[in-house]
Amino acid sequence: MSSQDIPEETLPSEQDHAHGAVATKDPFADPGLPAHRPRIQDIDERAAKRSERTVALLFTVSMLSTIAFIASYVIFPVDKIVYIWPFGHVSALNFALGTTLGLALFCIGAGAVHWARTLMSDQELVDERHPIEAPPEVKAKVLADFAAGAEESGFGRRKLIRNTLFGALAMVPLSGVVLLRDLGPLPEDKLRHTLWAKGKQLINMNTHEPLRPEDVAVGSLTFAMPEGLTEHDHSFQTEIAKAALMIVRIQPEDIKDKRELEWSHEGIVAFSKICTHVGCPISLYEQQTHHVLCPCHQSTFDLSDGARVIFGPAGHALPQLRIGVNDEGFLEALGDFDEPVGPAFWERG
């Protein structure tokens, strides 16, 4: 049966709608905001003060945790292992760093949340959406709202919270400063010195025996290391990278550099084996020209002329070690290298 078959007198009229006879409720009607219920901090200043002290305490704990984080770097050695239930055996340093930094960040977040929930204004505001490009009056309203929000937050009035927040935020980044320690120990003057010293005998790296002058033939290339250094030492690789020595014998009349001749013994000269370009070990020797060649980037040095660079990217000559003969007839060093070995570093520019 269609509506056309229903008598007109039985159909609802506009007047009936006006009196709500058949009116229906809009299911999408805006329910509006619930009535605002004040918090205890809004009506009791003592409660507000307690919340303020709680927030300040959290920020203070964050500052202390940051200090503890930095102190952990100093107190705990890297290799110290401790038992902590229920984690088991863990690194004391890592556990201390994780705990203190986590606590510092957590307290800042917890303090900010507690501040917002108990002391900042909790009035809900409704604002209509506006175009992306705000007109001047909207910009002015935003600035006014920001000023009002700052006033309602009590940021200016509650100096204890403000000051402790600034302190916590200022100290947390200090945690990153101590991470510079992980770059390695300070070099101090270690790059300037090697194990060579006056009286140290030259030890053949192949036979591990002290060298005599007669052991070095003209045109030969011999590699040596300082007396007392063995391949079983924990620091062998570190020390040999600076102290590795190559020894050649040249006819004294073929040596062009005056100081090289003075620092030699019967034509036996000792130079650093470490290339001054990027630190590769030099091992190729031309007997006729007295040139040594670095196999990495072909830097070439003239051992008859102070080991100066004659080709390649190396920046300066190989350092020479002054040698002599002790009372037992063995070759020995008369001091350390007169300059840092290996590649050029900052002080050379």
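Residues numbered from 1 in each chain as written. Predicted model: local features only at pLDDT ≥ 70, side-chain atom pairs only at ≥ 80, totals over all residues. Heavy atoms only, no water.

**A closer look at the overall build of the protein**
Here's step 1: Counting secondary structure elements, the protein contains 9 helices and 13 strands.
Here's step 2: Evaluated residue by residue, the protein yields a buried proportion of 35% over its 349 residues.
Here's step 3: Long-range contacts, defined as pairs at least 24 residues apart, comprise 61% of the intrachain contacts of the protein with a sequence gap of at least 6.
Here's step 4: As displayed, the protein has an accessible area near 22200 Å², and 59% of this comes from carbon and sulfur atoms. (Helix = DSSP H or I, 4+ residues; strand = E, 2+ residues; numbered from the N terminus. Buried < 20%, exposed > 50% of the residue type's maximum accessible area, 1.4 Å probe, protein only. Contact = heavy atoms within 4.5 Å. Areas by Shrake-Rupley, 256 points an atom, 1.4 Å probe, with all protein chains shown as cover.)

**Brief notes about the UniProt feature "transmembrane region" (unreviewed entry) in the protein**
Here's step 1: UniProt annotation of "transmembrane region" (unreviewed entry) refers to residues 55–75, 95–116 and 160–180 when read in the numbering used here.
Here's step 2: Helix and strand shares over residues 55–75 are 100% and 0% respectively, and the end C-alpha atoms of the span are 30 Å apart.
Here's step 3: From the first C-alpha to the last, residues 160–180 spans 33 Å; its make-up is 76% helix and 0% strand. (UniProt positions renumbered as here; feature names shortened; annotations may be inferred.)

**Some remarks on the nonpolar core**
Here's step 1: Grouped together as the largest cluster of nonpolar side chains are 18 residues, with contacts concentrated most on Met246, Ile282, Val292, Leu303 and Leu318.
Here's step 2: Of all the secondary-structure elements, those providing two or more residues to this core are strand E5 (245–249) and strand E6 (268–272).
Here's step 3: Leaving out residues up to four positions away in the same chain, Val292 has contacts with Met246, Ile282, Leu284, Tyr285, Ser299, Thr300, Phe301, Leu303 and Leu318.
Here's step 4: One finds Val216, Ala243, Ile247 and Leu321 within the second-largest nonpolar core, a separate group that totals 16 residues. (Core = buried A, V, L, I, M, F, W, Y, C linked by side-chain atoms within 4.5 Å.)

**Here's the deal with the state of the cysteines**
Here's step 1: Throughout the structure, instances matching the rule amount to 1 disulfide.
Here's step 2: Two residues share a disulfide in this structure: Cys280 and Cys296, whose sulfurs sit 2.2 Å from each other. For the disulfide bridge between Cys280 and Cys296, the dihedral angle about the S-S bond is near -105 degrees, and by the sign convention the bridge is left-handed. Of the two residues, Cys280 sits in the loop between E6 and strand E7 (284–286) while Cys296 sits in the loop between strand E8 (291–293) and strand E9 (300–302), which places them 16 residues apart along the sequence.
Here's step 3: The thiol of Cys275 is unpaired, and the distance to the nearest cysteine sulfur, on Cys294, comes to 3.8 Å.
Here's step 4: Judged by relative accessible area, Cys294 falls into the buried class, the value being 2%. (Disulfide = S-S within 2.5 Å.)

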